[in-house]
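Understanding the architecture of this molecule
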Amino acid sequence: MAQDAAQDALGNPLVDHAALDGVNDFILGFLAYETRAERVLAAAEAQPQAVMAQVYAGWLWMFLESPDAPAKARPWLHAARKALAQRTPTQAASPAGQREREQVELLADWVDGRTAEVEARAAQLAEAWPQDLTVVKLAQYLAFNRGDSPAMLRAILAVLPAQPDHPHALGMVAFAYEQCHLLDEAEACAQRALAALPREPWAQHALAHVLLTRGRVDEGLAFLEAARAGWTGLNSFMSTHLWWHLALFYIARGRDLDALAAYDDGVWGVSTSYSQDQVGAVQLLARLEWAGIDVGLRWQALAPHLAPRAHDTVEPFLSLLYLYGLARAGRAEAETLYTAIAQAAAQATSERREAWARAALPAASGLLALARHQPAAAREALASALPHLVHIGGSHAQRDLFALWAVDAAQRSGALLDAQQALEARRLVDPDDVAVNRRLAQLYAQLRLPQQALAARARAERLAPAA
């Protein structure tokens, strides 16, 4: 006999208790970025009649962010539909049964690439069951990949009145506020989340963004160094990404050895086939080099893991970072991926043309040129791409790397005025940024301004630890 009163960990109705532990592991692990979310796979396999277990197993595969993700998720979609068909008319007509049906259709839309429909269906589910933070987080994820921070904010604000003190909800709203440049609101929500749950990772992440954006580097360093002892049980993305943020603070204060150690021990090597781990490694190596830090043979060690991405155009932001990593390592696959990006730009729908044709394609040209020591061509291509980059997804902090690449291209190509203006604008946010001051010391020497060069060098040396 079905137990109509069954509920998941968020209070969402379930038709029965089948695979409930696995479903709850996914829900709570998904919201907290913990590895226990993966337990739903075994639960779904053991309890084929559990519709939501099948659905969430499909979600896990879609988060793989690779061209073969839909094929890996589709068997779970079929299993969910089969389980749904076995519901009795009474079960199907119940609120829990109706929710199951909508969830199965959401997965079907996602597997078939209809992401706009996924977001719309997630909004409908959240309106009916505002306690279901999983669909809200999925909607935020998809909006994030489009660079649509207002949509991220709308999704969480719509349900926040139903759970105004939930730490995961507060973490979600904090990051959405930050991506909208509403930094006061972002910081306040992050602090509320952390007061309720000090190890809430998305709130830690949002606060790290705020502190970096506002140039509060020393505060950010102290915060993340104190928090890192709690980065246990996290999935590879969250663990490596928090270390990535800590590494940015290290770079800004000239702690070069600590930044390299963060790459080796925290950012790279956890899940070497996963998209987010790969692009995090590319970004950090590029930032280390921009700061004048020798990364040794790390590009060459990373490249074999990027090589299978030679045809990967699942997301433009990811593709561009795969491209740079391959090109910087001198791999032939970079040219293959550039061709794939050009094809994606040519075939992009009207909704994605801004991302692929106006942003990703010129950015890809610029990154190839930069990696091949053609700074003038890189500068021109990156200048074309920069105004449109918000549409490729990624966070402000992640996309800021493209602006750093543009500065590098300008300085190397002799466009010294452009480089000087950009670097001094950065110093308005963090006057003590060691990497920026090192660059300025070189630049002012090129501009034949020795006093300014000496001042910049002194600022860099004042904070950087002695070699």
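Residues numbered from 1 in each chain as written. Predicted model: local features only at pLDDT ≥ 70, side-chain atom pairs only at ≥ 80, totals over all residues. Heavy atoms only, no water.

1. Re the overall build of the chain
- When helices and strands are counted, the chain shows 25 helices and zero strands.
- Against the compact-globule benchmark of 23 Å for 467 residues, the chain has a radius of gyration of 23 Å, which places it among compact chains.
- By principal-axis analysis of the C-alpha atoms, the chain measures approximately 85 × 45 × 35 Å.
- Evaluated residue by residue, the chain yields a buried proportion of 58% over its 467 residues.
- Taking as baseline every contact in the chain between residues at least 6 positions apart, the subset at least 24 positions apart corresponds to 63%.
- Taken as a whole, the chain presents about 18,700 Å² of accessible surface, with 54% of it coming from carbon and sulfur.
- Each charge sign in the chain was given a centre, from 41 positive and 51 negative side chains, and these centres are 4 Å apart. (Helix = DSSP H or I, 4+ residues; strand = E, 2+ residues; numbered from the N terminus. Rg over C-alpha atoms; globule rule 2.2 N^0.38 Å. Buried < 20%, exposed > 50% of the residue type's maximum accessible area, 1.4 Å probe, protein only. Contact = heavy atoms within 4.5 Å. Areas by Shrake-Rupley, 256 points an atom, 1.4 Å probe, with all protein chains shown as cover. Lys, Arg positive; Asp, Glu negative; His and termini not counted. Charge placed at Lys NZ, Arg CZ, Asp CG, Glu CD.)

2. Let's talk about the nonpolar core
- Counting residues in hydrophobic clusters, the biggest one holds 172 residues, and the most contacted among them are Trp59, Ile156 and Trp405.
- For this core, the element with the highest residue contribution is helix H14 (residues 236-252), accounting for twelve residues.
- With residues up to four places along the chain from it excluded, the contact list for Trp59 reads Phe26, Phe30, Gln103, Leu106, Leu107, Trp110, Thr134, Val135 and Leu138. (Core = buried A, V, L, I, M, F, W, Y, C linked by side-chain atoms within 4.5 Å.)

3. Considerations on the pattern of salt bridges
- As enumerated under the stated definition, the model contains 38 salt bridges in all.
- When the shortest N-O distance is used, the salt bridge between Asp256 and Arg438 registers 3.2 Å. Of this pair, Asp256 sits in helix H15 (residues 256-267) while Arg438 sits in helix H24 (residues 434-446), and the two are 182 residues apart along the sequence.
- Judged by relative accessible area, which is 24%, Arg438 ranks as partly exposed. (Salt bridge = Lys/Arg side-chain N within 4 Å of Asp/Glu carboxyl O.)

4. Details of helix H23 (residues 416-429)
- Over its 14 residues, H23 runs 21 Å from end to end, which matches the ideal 20 Å to within 8%, given 1.5 Å per residue.
- Along H23, the residues that are buried comprise Leu416, Ala419, Gln420, Leu423, Glu424 and Arg427. Along H23, the residues classed as buried sweep out an arc of 120 degrees about the axis, all on the same side. Looking at H23, the residues exposed on the side facing more than 90 degrees away from the buried face are Leu417, Gln421 and Leu428.
- Among the structural elements, helix H16 (275-290), helix H22 (396-413), H24 and helix H25 (450-463) are those in contact with the buried residues of H23. (Expected span 1.5 Å × (residues − 1). Arc of directions from axis to C-beta.)

5. What to know about unusual backbone geometry
- The backbone of Tyr33 shows a phi angle near 55 degrees, a positive value even though the residue is not glycine.
- Backbone geometry places His181, a non-glycine residue, at a positive phi of 65 degrees.
- Position of His181 relative to the elements: it lies in the loop between helix H10 (167-179) and helix H11 (183-196).
- A residue is classified by how much of its surface remains accessible, and His181, at 56% relative accessible area, is exposed.

6. Description of helix H4 (residues 69-85)
- For H4, with 17 residues, the first-to-last C-alpha span of 25 Å sits near the 24 Å given by 1.5 Å per residue.
- Remark: the principal bend of H4, roughly 25 degrees, maps to Pro75.
- Within H4 the residues assigned to the buried category are Ala69, Ala73, Trp76, Leu77, Ala80 and Ala83.
- Buried residues belonging to H4 abut helix H2 (39-46), helix H3 (51-62) and helix H6 (95-111). (Bend = angle between axes of the 7 residues up to and from the residue.)

7. A short note on the packing of aromatic side chains
- This model, assessed by the stated rule, comprises 18 aromatic pairs.
- Considering the side-chain rings of Phe30 and Trp59, the 5.9 Å spacing of their centres and the 75 degrees angle between planes classify their relative orientation as edge-to-face. Placement of Phe30 in helix H1 (residues 20-32) and of Trp59 in helix H3 is noted, with a sequence separation of 29 residues between them. The burial state of Phe30 is the same as that of Trp59; both residues are buried.
- Note on Tyr33 and Trp202: the rings are 4.9 Å apart at their centroids and 25 degrees apart in plane angle, and the pair reads as stacked. Note that Tyr33 is positioned in the loop between H1 and H2 and Trp202 in helix H12 (residues 201-213), a separation of 169 residues in sequence. Trp202 matches Tyr33 in its accessibility class, with the two residues each being buried.
- Through a chain of ring-to-ring contacts, three or more aromatic side chains come together here, namely Phe26, Phe30, Tyr56, Trp59, Phe63, Trp110 and Tyr141. (Phe/Tyr/Trp six-rings, centres within 6.5 Å; stacked < 30°, edge-to-face > 60°.)

8. Things to note about the environment of His373
- Its place among the elements puts His373 in the loop between helix H20 (353-371) and helix H21 (375-385).
- With 60 residues separating them along the chain, His373 and Thr313 place their C-alpha atoms 25 Å apart.

9. Thoughts on the state of the cysteines
- Scanning all chains against the criterion turns up zero disulfides.
- Just so you know, Cys180 is unpaired, no disulfide at all, and the nearest cysteine sulfur is the one on Cys189, 12 Å from it. (Disulfide = S-S within 2.5 Å.)

10. As for the environment of Gly11
- Mapped onto the fold, Gly11 is located in the segment before H1.
- Assessed through its relative accessible area of 24%, Gly11 is described here as partly exposed.
- Separated by 119 residues in sequence, Gly11 and Pro130 have C-alpha atoms that sit 9.9 Å apart.

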